[in-house]
Amino acid sequence: AQKITQTQPGMFVQEKEAVTLDCTYDTSDQSYGLFWYKQPSSGEMIFLIYQGSYDEQNATEGRYSLNFQKARKSANLVISASQLGDSAMYFCAMREGPGGSEKLVFGKGTKLTVNP
Amino acid sequence: NAGVMQNPRHLVRRRGQEARLRCSPMKGHSHVYWYRQLPEEGLKFMVYLQKENIIDESGMPKERFSAEFPKEGPSILRIQQVVRGDSAAYFCASSPRTRRTDTQYFGPGTRLTVL
């Protein structure tokens, strides 16, 4: 069963507008972590933001925020004031634990295009 | 503080040759993970190592693939007798500990092309 689902293969947004990238996950663990990574066309994987399952507040990092809805098992990434440099692939990932595997499980990604 | 280093960045091999991919974790990080990304796909876990120990190799193909993280030197992912299906981007990541909150930081990846 797929553990991380990103239902939007591609998204378009106008520069300076906000955009939400969807991510739903499946786990029976009570303790887990959710991550978002950005992969620009150059290919590297850039860490953006982390949300722990026990964190009561939604995570924020600059223009990135994570809309965490635990009951719905969703962890959507919100990018505010989009910039041209935000055009990239975005991957949602989950890490289970403690006691579970240390690996990250990734979704298939969403390709974001920011239009001028 | 240098990030995760991987070399080579690009590697071309003919079918049947061996590929060796190297990864130096961030300073202070003792946990190394290897992932593979096929075209148009997300990353898939291959193996998790600590110094001199393989902790989880559940994502490694049973044949031709091996990984090590010696006491001294980089972690090595070795692919013997490469086939065209091995063409992919191989990413290494490192983290300082194993708590669920610990972020894995990725290297730039090695793009392997098998002719």
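It should be emphasised that the depicted structure is a prediction, and the values quoted were computed from it without experimental measurement.

A few points about the sheet that holds strand S3 (residues 19–24) of chain B
Residues and elements named next belong to chain B. The antiparallel open sheet is built from four strands, whose spatial order is S1-S3-S8-S7. Either end of the sheet is taken by a strand with one partner, and the two such strands are strand S1 (5–7) and strand S7 (65–68). Neighbour-to-neighbour, the strand axes of this sheet turn through a mean angle of 15 degrees, independent of strand direction. Taken together, the five bridges between S3 and strand S8 (residues 75–79) define a ladder with antiparallel strand orientation. The partner of Arg-22 across the bridge, within S8, is Ile-76.

Looking at the environment of Gly59(B)
Residues and elements named next belong to chain B. Mapped onto the elements of the fold, Gly-59 is located in the loop between strand S6 (53–56) and S7. By relative accessible area, which is 29% here, Gly-59 ends up partly exposed. The spacing of Gly-59 and Trp-34 is 25 residues in sequence and 9.3 Å in space, taken between C-alpha atoms. Those residues in contact with Gly-59 that sit more than four places away from it in its chain are Phe-45 and Met-46.

Here we look at the pattern of salt bridges
Side-chain pairs of opposite charge can arise whenever the charged atoms involved come near each other. All names here are of chain B. Under the criterion given, the structure shown has six salt bridges over all chains. The partner of Glu-18 in a salt bridge is Arg-78, and the shortest N-O contact between them spans 2.8 Å. Of the two residues, Glu-18 is situated in the loop between strand S2 (10–13) and S3 and Arg-78 in strand S8; the sequence distance between them amounts to 60 residues. Between Asp-86 and Arg-64 there is a salt bridge; the shortest N-O distance is 2.7 Å. With a gap of 22 residues between them, Asp-86 in the loop between S8 and strand S9 (88–95) and Arg-64 in the loop between S6 and S7 connect regions that are remote in the sequence. Assessed through its relative accessible area of 25%, Arg-64 is described here as partly exposed. Beyond isolated ion pairs, a larger network of salt bridges with shared partners links Glu-18, Arg-20 and Arg-78.

Topic: the packing of aromatic side chains
Enumeration according to the criterion identifies 15 aromatic pairs over all chains in this entry. Pairing Phe35(A) with Tyr37(A) gives two aromatic rings, centres 6.4 Å apart and planes at 25 degrees, and the pair type is stacked. A connected cluster of aromatic rings, assembled from ring pairs, spans Phe35(A), Tyr37(A), Phe47(A), Tyr50(A), Phe91(A), Phe106(A), Tyr35(B), Phe45(B), Phe91(B), Tyr105(B) and Phe106(B). Here the guanidinium or amino end of Arg63(A) rests over the ring plane of Tyr64(A), the centre of that ring lying 5.7 Å away.

Thresholds, definitions, all that
Residues numbered from 1 in each chain as written. Chains lettered and ligands numbered in written order. Predicted model: local features only at pLDDT ≥ 70, side-chain atom pairs only at ≥ 80, totals over all residues. Heavy atoms only, no water. Pairing = 2+ DSSP bridges. Helix = DSSP H or I, 4+ residues; strand = E, 2+ residues; numbered from the N terminus. Axes fitted to C-alpha atoms, helices over the stretch in contact; angles between N-to-C directions. Buried < 20%, exposed > 50% of the residue type's maximum accessible area, 1.4 Å probe, protein only. Contact = heavy atoms within 4.5 Å. Salt bridge = Lys/Arg side-chain N within 4 Å of Asp/Glu carboxyl O. Phe/Tyr/Trp six-rings, centres within 6.5 Å; stacked < 30°, edge-to-face > 60°. Lys NZ or Arg CZ within 6 Å of the ring centre and 35° of its normal.

Nothing here speaks to function; it is geometry throughout.
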